[in-house]
Amino acid sequence: MKNADYSEIGFRIMQLRNQQNISRERLADMADISQKFLYEIEFGKKGFSVSILKSIADSLETSCEYIVRGDDIYSDTELYNAVRLFEGREADKVAEVLKALHELVW
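Treat the numbers as computed from the prediction; the structure is a model and nothing was measured.

What counts and how
- Residues numbered from 1 in each chain as written.
- Predicted model: local features only at pLDDT ≥ 70, side-chain atom pairs only at ≥ 80, totals over all residues.
- Heavy atoms only, no water.
- Helix = DSSP H or I, 4+ residues; strand = E, 2+ residues; numbered from the N terminus.
- Buried < 20%, exposed > 50% of the residue type's maximum accessible area, 1.4 Å probe, protein only.
- Contact = heavy atoms within 4.5 Å.
- Areas by Shrake-Rupley, 256 points an atom, 1.4 Å probe, with all protein chains shown as cover.
- Lys, Arg positive; Asp, Glu negative; His and termini not counted.
- Charge placed at Lys NZ, Arg CZ, Asp CG, Glu CD.
- Core = buried A, V, L, I, M, F, W, Y, C linked by side-chain atoms within 4.5 Å.
- Phe/Tyr/Trp six-rings, centres within 6.5 Å; stacked < 30°, edge-to-face > 60°.

Draft legend 1. The arrangement of the overall build of the protein in detail. When you go through the protein residue by residue, the secondary structure sums to 7 helices and 0 strands. When its helices and strands are written in sequence order, the protein yields α-α-α-α-α-α-α. When its C-alpha atoms are laid out on the principal axes, the protein stretches across 50 × 25 × 25 Å. Here the protein holds 106 residues, and 29% of them are scored as buried. A separation of at least 24 residues holds for 47% of the contacts in the protein among residues at least 6 apart in sequence. On the protein, roughly 7700 Å² of surface is accessible, and the fraction owed to carbon and sulfur atoms is 53%. Charge-centre separation for the protein: the mean point of 14 positive side chains lies 6 Å from the mean point of 19 negative side chains.

Right, here's the structure in full:
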C-alpha cells in the first residue's frame, strides 16, 4: 500500500472518531494500541496490520472496507441496517436465524 493510501485511511479513521466524539486516547484504548501509534496511523505516518485495522473498525462500529476504500457496498442496504438494530447476544441470535433460513432455502 502506498503512503498516500495510508494518509487517506488515517483521515477516515480520524473523521469517524471525531464524528462519534471519541477521543484519540479512548479509541486507542478500545483498539488496544498506544495513543502515539493511533496518532501515527491517523496522519498516515505508519502502516498497520489487518488485525489492528479490524480492531479499529470494530471499535468505530464500521467495516474494514469503509476504512480502506471509503465505501462499503453493504452498509447502505436494507438488510444491513436491519441487522445493525441488534446488539450483542441479540445479534448472535439473528445470525443463527439467518443461517437456519439459508439452510431451508438452499
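Draft legend 2. Local environment of the environment of His102. The topology assignment puts His102 in helix 7 (residues 88-105). Judged by its relative accessible area of 48%, His102 is partly exposed.

Draft legend 3. Representation of the environment of Asp58. Relative to the helices and strands, Asp58 is located in helix 4 (residues 50-59). By relative accessible area, which is 46% here, Asp58 ends up partly exposed. Spatially, the C-alpha atoms of Asp58 and Leu98 are 21 Å apart, while their sequence positions differ by 40 residues.

Draft legend 4. Summary view of the nonpolar core. Judged by nonpolar contacts, the single largest core of 18 residues is most densely connected at Ile13, Ile33, Ile56 and Ile67. Ignoring any residue separated from it by four or fewer positions in sequence, one finds Ile56 in contact with Ile13, Ala31, Ile33, Leu38, Ile41 and Ile67.

Draft legend 5. Examining the packing of aromatic side chains more closely. All chains considered together, the criterion is met by 2 aromatic pairs. Both rings, one in Tyr6 and one in Phe48, keep their centres 5.7 Å apart while their planes meet at 65°; by these two values the pair is edge-to-face. Of this pair, Tyr6 sits in helix 1 (residues 3-19) while Phe48 sits in the loop between helix 3 (35-42) and helix 4, and the two are 42 residues apart along the sequence. You can call Tyr6 buried: its relative accessible area is 18%. Relative accessible area serves as the criterion here: at 17%, Phe48 is assigned to the buried category. Consider the rings of Tyr39 and Phe43, whose centres lie 4.7 Å apart with planes at 40°: the pair is tilted. What makes Tyr39 partly exposed here is its relative accessible area of 35%.

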